[in-house]
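# Secondary and tertiary structure notes
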Amino acid sequence: MAPVESDPVAEYVRLAAIPHENVPAVEEFLHRQDVGSDTLAVLERPGQPVALLRIHAGEATLFSFLPSQHGRSLVHETFIGKIYDATITQVHAVENLADVSASKPETVEIAGSRLGGTINLTSYSADERAALLNALRELIPRG
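Small disclaimer: the values here were computed from a predicted structure and weren't measured. (Residues numbered from 1 in each chain as written. Predicted model: local features only at pLDDT ≥ 70, side-chain atom pairs only at ≥ 80, totals over all residues. Heavy atoms only, no water.)

## Here's the deal with the pattern of salt bridges
If you walk through the whole model with that rule in mind, you get three salt bridges. Glu11 is paired through a salt bridge with Arg14; the nearest N and O atoms lie 2.7 Å apart. Separated by three residues within a single helix, Glu11 and Arg14 lie in helix H1 (residues 8–15), roughly one turn from each other. A relative accessible area of 29% means that Glu11 is categorised as partly exposed. Among the residues examined, Arg14 registers a relative accessible area of 55% and is labelled exposed. The partner of Asp38 in a salt bridge is Arg54, with the nearest N and O atoms 3.8 Å apart. Residue Asp38 is located in the loop between helix H2 (23–33) and strand S1 (39–43), and its partner Arg54 is located in strand S2 (residues 51–56); the two are separated by 16 residues in the primary sequence. On the basis of relative accessible area, Arg54 is assigned to the buried category, the value being 13%. (Salt bridge = Lys/Arg side-chain N within 4 Å of Asp/Glu carboxyl O. Helix = DSSP H or I, 4+ residues; strand = E, 2+ residues; numbered from the N terminus. Buried < 20%, exposed > 50% of the residue type's maximum accessible area, 1.4 Å probe, protein only.)

Following this line, the structure appears as structure tokens:
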């Protein structure tokens, strides 16, 4: 059985509770932002709307959907760039710790930066998890 490939854009649209009439336009816009070499992930942030995180060439951009007061809904694009103050933590399920070979992180937590939040890894394949963690490491310049 092949691993299930995650679809961060579809997951983002679902979690962001985007109104049905806006879904096609938002999905099309977000898919156009992905140049193929990007890493995409859904970032759940405390006290803020869920965002789609795009990592391209070692720099981060957040996309978030915000309803407008004038009847128009907008996708906000926030360029973050490199993050110098972040801590990235993988969270593993306790039952997986007994067998290191079966260890699979369930979430990644980012703390101490404008990217603060959590990325749920349960739908990611092993290759996707590795690619995401490598991309996150690229965001943090080494001194």
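From this point, the narrative continues.
## Concerning the environment of Pro8
Structurally, Pro8 is set in helix H1. The class for Pro8 is buried, based on a relative accessible area of 15%. In this view, Pro8 contacts Leu40, Ala41, Val42 and Leu52; residues no more than four positions away in its chain are not counted. (Contact = heavy atoms within 4.5 Å.)

## Concerning the nonpolar core
One finds Leu53, Ile110, Leu115, Ile119 and Leu136 to be the most contacted residues of the largest nonpolar core, which totals 21 residues. Every element with two or more residues in this core is listed here: S1, S2, strand S3 (59–67), strand S6 (105–111) and helix H3 (126–139). Sorting elements by how many residues they give to this core places H3 first, with five residues. Ignoring any residue separated from it by four or fewer positions in sequence, one finds Leu115 in contact with Leu43, Leu53, Ala60, Leu62, Ile80, Ile83, Ile110 and Leu139. In terms of nonpolar packing, the next biggest core, distinct from the first, is built from 14 residues, Ala16, Ile18, Leu40 and Phe65 among them. (Core = buried A, V, L, I, M, F, W, Y, C linked by side-chain atoms within 4.5 Å.)

## Some thoughts on the side chain of Ser64
You can see Ser64 is positioned in strand S3. Not counting the four nearest positions on each side in its chain, Ser64 is found in contact with Tyr12, Arg45, Val50, Ala51, Leu74, Val75 and His76.

## Thoughts on unusual backbone geometry
Both trends apply: most residues other than glycine have a negative phi, and most peptide bonds are in trans. Of note, the phi angle at Ala17 is positive, near 55°, even though the residue is not glycine. Mapping Ala17 onto the fold places it in the loop between H1 and H2. Since its relative accessible area comes to 59%, Ala17 is described here as exposed.

All we've got here are geometric facts, nothing functional implied.
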